[in-house]
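Each chain is listed here by its residues.
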Amino acid sequence: MDAALQCALLLVLVLVPGFCGALQPNHTGAGVELKAEPSQFGSLWPLPQQVKITAASFKLSPVSFVIVDGAGSSAGPSCVLLQNAYRRYYEYVFGSKRKTGPTKNRRTDASELTELQVWITSADSECDGYPSLKSDESYELSVDQPYAILKASKVWGALHGLETFSQLVFEDKYGSKNINLTNIVDFPRFAHRGILLDTSRHFLPIKVILDNIETMAMNKMNVFHWHIVDDPSFPYMSRNFPQLSQKGAYHPYTHVYTPADVKMVIEFARLRGIRVIPEFDTPGHTQSWGKGQPDLLTPCYAGTKPTGTFGPVNPILNTTYDFMQQFFKEISTVFPDAYIHLGGDEVDFTCWKSNPDIQKFMADQGFGSDYTKLESYYIQKLLNIVAATNKGYMIWQEVFDNGVALNPDTLIHVWKGSQAQYQNEMANITSSGYKTLLSTPWYLNRISYGQDWQNIYKADPQDFNGTEAQKKLVIGGEACLWGEYVDATNLSPRLWPRASAAAERLWSAADVRDIGDAYNRLHLHRCRMVERGVPAQPLFYSFCPHEYKGV
Amino acid sequence: MFVFSNKLWLLGSFEWINDVHSFHGDKAFAVEITVDQDECESYPKADSSEKYNMSVSAGQASLNAETVWGALRGLETFSQLVYQDDFGSYFVNKTKIEDFPRFQFRGILVDSSRHYLPVKAILKSLDAMAYNKFNVFHWHIVDDPSFPYRSSTFPDLSAKGAFHPMTHIYTQSDVRRVISYARLRGIRVLPEFDSPGHTKSWGRGQPGLLTPCYKGGIPTGTFGPVNPASLSTYKFMKSFFKEVSSVFPDSYVHVGGDEVDHSCWRSNPDVRAFMQKMGFGADFTKLEAFYMENIVNITSSLNKTAIVWQDVFDDHKHCSSLSVVEVWRDGCYLCEVRRVVKAGLQVILASPWYLDQPGPTHNWARYYTVWPLAFKGTEEQKRLVIGGEVCMWGEYVDATNLAPRLWPRASAAAERLWSDEKQTSSVDRAFPRLADFRCKLLRRGIQAEPLYVGHCKHEYQV
């Protein structure tokens, strides 16, 4: 009996059916009829590509159950990534169950599952490597006697398979852990499934970042887009330019990310198959850079006198590019991912226009009064600098929109406009042959009253007019949680489970669209996250058998 | 109001010796508290004085209040005057304060039916309320989705009506704990047992209580509001409220009365027959009024004053047994307030303070720029507005997001309800004080979300 069916029976015994949803018009008038019913897929989230769950089930005992490397696996005891994962998932499966020692003469029950074997099938497991856009994340899971077998080409697939295995386990009414005979073949629809966190508008203590990376793994998301600095503060402690955080952070000691902090985030993410892509957004969004790097930003003028305020990065000085070269050289060594996000959004031209040196430069270059040309001039040089460090780059859509010459493997990040506008943008970008990813419908910092997870779920990055070839250029998307109104006090409930809706859209097959079935699985997945200590907020009125205890 | 002086006094004693500041650690800074009436062992009441005077000078402060409740408010204020310099030394300025609340009733409504709230989450909210000088915890304890209140007289109500009969209930000792924790902070606990609507969960443990709905002459198996046509209903309610009156010591009880859907009543032949018998014709608001009048009578016979939602007043304005009406609907809420006070009844204002609507926090200003008395009325009528309440309905709220959704936006309402309006009408001047107060809340362990871009010295540690 799977978890959801058993849950439903419990409901029938104790409550009127439909307790989870039948909504009376309430004080605030938001009324949507939603009844939680058991899904044939239990609480799986995101839904795997192929799932066959049968009625036959096995018991799992915390005393005897183990997760081990298969005999022919190319990963063994030295593969720390997998060994850590085995322990992590054992804890998730058995939770707070007491793992007392074996009783004398205890024989294995005929219907007991004692072992999950993990087989990495390709010669190079990539165990000590970093995940990338090209990583193979596929896996096959067979839960059957005598052993459950998880096969994956690389460790990344194994991590996802372990998460899926843990989601198949349910508790029966006697408190025992059970799992049904199941066969799953799974792989993600999109390779880039990310979350953006903003640590400039508000400093986020390391623990919050790590907790959310952990939650990302539960949702099979694989990119942590770290929007680490911006106008208000510069918390990144640079080795080559320590003044940047000394002068630019909210506080030079308490509100910074040391090199050790950054290493910890990168390794913590790696062990969970998650890439860390840092964003150092220029030439706009750089107020905090100017505090520790004088002469980097453009001095604004009123007439012939400087006002004392500063604008975007100054694109006409050689010192700017010397700085950027040294800075991005450091970044390219600190962050191992093949990509860096260079920003390039929302550049305000007013300050540039006011500066007489820049006006002269514009004339000399023949740019006339078209400041997008100056922007392109800067970005072009920046992209060349970064390309020389052997990194690929991601940029916000403005850079593409303004006609800057881009490397063919540039990833263009769509974030603006109405649905029609972003669909148009996706079509334009892909028809120009570039890879793109979507964030516009997934700006989770935008909150509203009610079940907005449904709109998040419905949005699809391939939903635009284009050829098959174009659609293949869509590498995925990211849910963004901008930090103007977000910090450690409210980040997790605001992010989860709404980001989970985007997670399924990015992983599962395109035709997985049934909102009712999604609700049936998602509300259980939300309770599971709560049970694992994540303060994922409610979807609607309901209860979890184990409520959040972190108060 | 207060008088602030520029002289700084270290907590410890501080002297100028030969033009050099020198610190004597021998004499501790003393805060002396005097209270006129010793109500220490009692519960705060609707009319308890919360007035206090405070003066801070060299090496000491004196706080004087009429009651212990005023002393609590004064202590909170004193704690807000203390600040640290960059070296971590504590300071308080020479100060003189005279303070009292503008409104007597300053509440927070919390909904533990749409989602069960663990007791710890409730206690944490009470702490935060005390920091904000809120003094009424309006416990909307049961409603349609679940009945977590474990009644000693009718244990089946929670056994059959709670989300889970063992884990998602409030036992009598849980309730006592909340009441006692609140009392020690000068907070009244106002329970709400809302009827005749919003009672789906009651029917599971009390068969026969709710109205069976009919279709084409046969019962459909679903149920509507409480059945007002049945004698057993009032017998039950009398017993139930008898227990409630003894469990909850406050002299007020909220009996709800909102959003009653008449369709089920209309479909039920017994109810229709009752309507005929009573001469109500086809006007179901008369039936509603009849029911509420009975409930209010039950509670007044138990020496409790009933508070009702505005629907009860709106649907039957000649209801003479009413005393306190809570205004909650959207639109011209001040028009409604005016109507209620014109009828000589007291008002609690909730409409502008529905904080269950999330909104980015910069919306805190809309909870601040509320002028509860900005309507045409006599001084006497305006005095009938006894206060207001922040409502945190639970459809989308539970322990995972309750604190950040309540704080610090509710703090805006807290100032509106306590402070003098003339001195607190500028959002721009309030913002830096509120931002600083939010950081104080964080330091005290309250998960108050940010107002805007910025930082606190001590961030929230997960």
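Residues numbered from 1 in each chain as written. Chains lettered and ligands numbered in written order. Predicted model: local features only at pLDDT ≥ 70, side-chain atom pairs only at ≥ 80, totals over all residues. Heavy atoms only, no water.

*Asks:* Please give an account of the interface of chain B and chain A that cites residues and values.
*Replies:* Across the boundary between the two partners, chain B contributes 58 residues, which contact 51 residues of chain A. Of the roughly 4,600 Å² buried between chain B and chain A on both sides combined, carbon and sulfur atoms contribute 61%. Per-residue buried area on chain B facing chain A is highest for Phe163, Tyr396 and Thr400 of chain B; these three make up 16% of the total on that side. On inspection of chain B and its partner chain A, the count reaches three salt bridges. The partner of aspartate 487 of chain A in a salt bridge is arginine 438 of chain B, with the nearest N and O atoms 2.7 Å apart. Between the two partners, chain B and chain A, sit 19 residue pairs in polar contact (both at pLDDT 80 or more). Looking at the side of chain B that touches chain A, the elements with two or more residues in it are helix 2 (119-131), helix 3 (156-161), helix 5 (200-205), helix 14 (402-406) and helix 16 (427-443) of chain B. Per-class residue counts for the side of chain B that touches chain A are 26 nonpolar, 15 polar and 17 charged. (Contact = heavy atoms within 4.5 Å. Buried area = accessible area lost by both parts, 1.4 Å probe. Salt bridge = Lys/Arg side-chain N within 4 Å of Asp/Glu carboxyl O. Polar contact = N/O pair within 3.5 Å; in protein donor to acceptor, adjacent residues only side chain to side chain. Helix = DSSP H or I, 4+ residues; strand = E, 2+ residues; numbered from the N terminus. Nonpolar A, V, L, I, M, F, W, Y, C, P; charged D, E, K, R; others polar.)

*Asks:* So what about the sheet that holds strand 15 (residues 411-414) of chain A? Which residues, and what values?
*Replies:* Residues and elements named next belong to chain A. Read around the closed barrel, eight strands run 8-9-10-13-14-15-16-17, paired in parallel fashion. Neighbour to neighbour, the strand axes of the sheet diverge by 30 degrees on average, direction disregarded. With five bridges connecting them, strand 8 (residues 192-198) and strand 9 (residues 223-227) associate as parallel partners. Each bridged residue has a counterpart across the sheet, and for leucine 197 the counterpart in strand 9 is tryptophan 226. Seen against the sheet, helix 11 (residues 371-387) touches strand 10 (275-282), strand 13 (339-343) and strand 14 (392-396) and runs at an angle of roughly 150 degrees to strand 14. (Pairing = 2+ DSSP bridges. Axes fitted to C-alpha atoms, helices over the stretch in contact; angles between N-to-C directions.)

*Asks:* Can you lay out the UniProt feature "domain: Glycoside hydrolase family 20 catalytic" (unreviewed entry) in chain A for me, pointing to particular residues and giving the numbers?
*Replies:* According to UniProt, the positions carrying the feature "domain: Glycoside hydrolase family 20 catalytic" (unreviewed entry) are residues 190-509 of chain A. The annotated region residues 190-509 of chain A carries 40% helix and 19% strand content, and the separation between its end C-alpha atoms amounts to 9 Å. (UniProt positions renumbered as here; feature names shortened; annotations may be inferred.)

*Asks:* Please set out the packing of helix 10 (residues 356-365) of chain A against helix 11 of chain A residue by residue, giving values where relevant.
*Replies:* Residue and element names in this part refer to chain A. Relative to each other, helix 10 and helix 11 sit at 90 degrees, their axes nearing to 11 Å. By the angle between their directions, the pair helix 10 and helix 11 is classed as roughly perpendicular. Contacts from Ile358, Gln359, Phe361, Met362 and Gln365 in helix 10 reach Tyr371, Leu374 and Tyr377 in helix 11. Grouping the amino acids of the contact of helix 10 with helix 11 by side-chain chemistry returns six nonpolar, two polar and no charged. (Parallel < 35°, antiparallel > 145°, perpendicular 65-115°, else oblique.)

*Asks:* Explain empty space enclosed by the protein residue by residue, including any values.
*Replies:* Scanning the entire structure with this criterion turns up nine cavities of 30 Å³ or more. Along the walls of the largest cavity sit 23 residues, with Arg498 and Gln537 of chain A together with Pro358, Asn401 and Arg405 of chain B positioned nearest its centre. For the lining of the largest cavity, the secondary structure elements donating two or more residues are helix 16 (491-495) of chain A together with helix 14 of chain B. Across the lining of the largest cavity, the residue classes break down as 10 nonpolar, seven polar and six charged. (1 Å grid on protein atoms, 1.4 Å probe; cavity = no way out; pocket = protein on both sides within 12 Å on 5 of 7 lines; lining within 4 Å. Points joined across faces, edges and corners; volume = space filled by probe spheres on them.)

*Asks:* Can you break down helix 2 (residues 80-94) of chain A residue by residue, with the values?
*Replies:* Residues and elements named next belong to chain A. Here helix 2 is 15 residues long and its end C-alpha atoms lie 21 Å apart, about the 21 Å a rise of 1.5 Å per residue gives. What helix 2 keeps buried is the set Leu81, Leu82, Ala85, Tyr86, Arg88, Tyr89, Tyr90, Tyr92, Val93 and Phe94. A positive phi of about 50 degrees marks glycine 95, the residue just after helix 2. (Expected span 1.5 Å × (residues − 1). Buried < 20%, exposed > 50% of the residue type's maximum accessible area, 1.4 Å probe, protein only.)

*Asks:* Which residues make up the side chain of serine 195 of chain B, and what are the values?
*Replies:* Residue and element names in this part refer to chain B. As for its placement among the helices and strands, serine 195 is situated in the loop between strand 11 (188-192) and helix 5. Note on serine 195: relative accessible area 0%, which makes it buried. Engagement of the side chain of serine 195 in a polar contact is seen with the side chain of tyrosine 291, the distance being 2.6 Å. In contact with serine 195, not counting residues within four places along its chain, are Val226, Met237, Val255, Gly256, Gly257, Tyr291 and Met292.

*Asks:* I'd like a description of the side chain of histidine 168 of chain B, backed by residues and values.
*Replies:* Relative to the helices and strands, histidine 168 of chain B resides in the loop between helix 3 and helix 4 (172-183). According to the relative accessible area criterion, histidine 168 of chain B is buried, its value standing at 2%. Separated by 2.8 Å, the side chains of histidine 168 of chain B and glutamate 547 of chain A make a polar contact. When residues no more than four places from it in sequence are discounted, the contact partners of histidine 168 of chain B are Phe543, Cys544, Pro545 and Glu547 of chain A together with Tyr116, Pro148, Ala162 and Phe163 of chain B.

*Asks:* So, the nonpolar core: which residues are in play, and what are the values?
*Replies:* Nonpolar side chains in soluble globular proteins tend to end up buried together. Residues and elements named next belong to chain A. In this structure, Phe165, Tyr236 and Phe327 are the most contacted members of the largest nonpolar core, which totals 149 residues. The dominant element in this core, judged by the number of residues it contributes, is helix 2, at nine residues. Both domain 1 (50-97 + 109-186) and domain 2 (192-513) contribute no fewer than three residues apiece to this core. (Core = buried A, V, L, I, M, F, W, Y, C linked by side-chain atoms within 4.5 Å. Domains from an automatic or database assignment.)

*Asks:* How would you summarise the pairing of strand 14 (residues 252-256) of chain B if you had to cite specific residues and measurements?
*Replies:* All names here are of chain B. Burial analysis of strand 14 places five of its five residues in the buried class, the great majority of the element. Here strand 14 shows a buried face lined by Tyr252, His254 and Gly256 and a second buried face lined by Val253 and Val255. Bridging between strand 14 and strand 15 (residues 305-309) involves four bridges; their strand directions are parallel. Each bridged residue has a counterpart across the sheet, and for valine 253 the counterpart in strand 15 is alanine 306.

*Asks:* Lay out the environment of arginine 176 of chain B in plain terms, naming residues and giving numbers.
*Replies:* As for its placement among the helices and strands, arginine 176 of chain B is situated in helix 4. C-alpha separation for the pair arginine 176 of chain B and arginine 438 of chain B, spaced 262 residues apart in sequence, amounts to 30 Å.

*Asks:* Lay out helix 2 of chain B in plain terms, naming residues and giving numbers.
*Replies:* All names here are of chain B. The end-to-end C-alpha distance of helix 2, which contains 13 residues, comes to 19 Å, matching closely the 18 Å that a straight helix rising 1.5 Å per residue would cover. Within helix 2, 11 of the 13 residues are buried, leaving the element largely enclosed by the surrounding structure. Burial in helix 2 covers these residues: Val119, Ala121, Ile122, Leu123, Ser125, Leu126, Asp127, Ala128, Met129, Ala130 and Tyr131. Where the residues of helix 2 are buried, they touch helix 1 (68-81), strand 9 (105-111), strand 10 (136-140), helix 4, helix 14 and helix 16. Positive phi shows up at lysine 133, right after helix 2, with a value of about 60 degrees.

*Asks:* Residues and numbers for the state of the cysteines, please.
*Replies:* Residue and element names in this part refer to chain A. A complete count under the given rule lists six disulfides over all chains for this structure. Residue pairing for cysteine 79: its cysteine sulfur links by disulfide to cysteine 127, the two sulfurs lying 1.9 Å apart. Disulfide cysteine 79 to cysteine 127: torsion about the S-S bond roughly 95 degrees, handedness right-handed. Taken as a pair, cysteine 79 in the loop between strand 2 (66-69) and helix 2 and cysteine 127 in the loop between strand 3 (115-120) and strand 4 (139-143) lie far apart in primary sequence, 48 residues in all. You'll find cysteine 79 and cysteine 127 in the same group, each marked buried. The disulfide partner of cysteine 527 is cysteine 544, and the gap between their sulfur atoms is 2.0 Å. Taking the sign of the S-S torsion, -85 degrees for the link of cysteine 527 and cysteine 544, the bridge is left-handed. One end of the pair, cysteine 527, is in helix 18 (residues 515-531); the other, cysteine 544, is in the segment after helix 18, with 17 residues separating them in the sequence. The class for cysteine 544 is buried, based on a relative accessible area of 0%. For chain B, the bonded cysteines pair up as 1-2, 3-4, 5-6 when numbered in the order they occur along the sequence. Regarding the disulfides, chain A carries the connectivity 1-2, 3-4, 5-6 under sequence-order numbering of its bonded cysteines. (Disulfide = S-S within 2.5 Å.)

*Asks:* Describe the domain arrangement of chain A, naming the residues involved and giving the relevant values.
*Replies:* Residues and elements named next belong to chain A. By domain assignment, chain A separates into domain 1 (50-97 + 109-186) and domain 2 (192-513). For domain 1 and domain 2, the distance between their C-alpha centres works out to 35 Å. Together, the buried faces of domain 1 and domain 2 total about 1,700 Å²; carbon and sulfur atoms form 56% of this surface. Across the domain 1-domain 2 interface, the total number found is one salt bridge.

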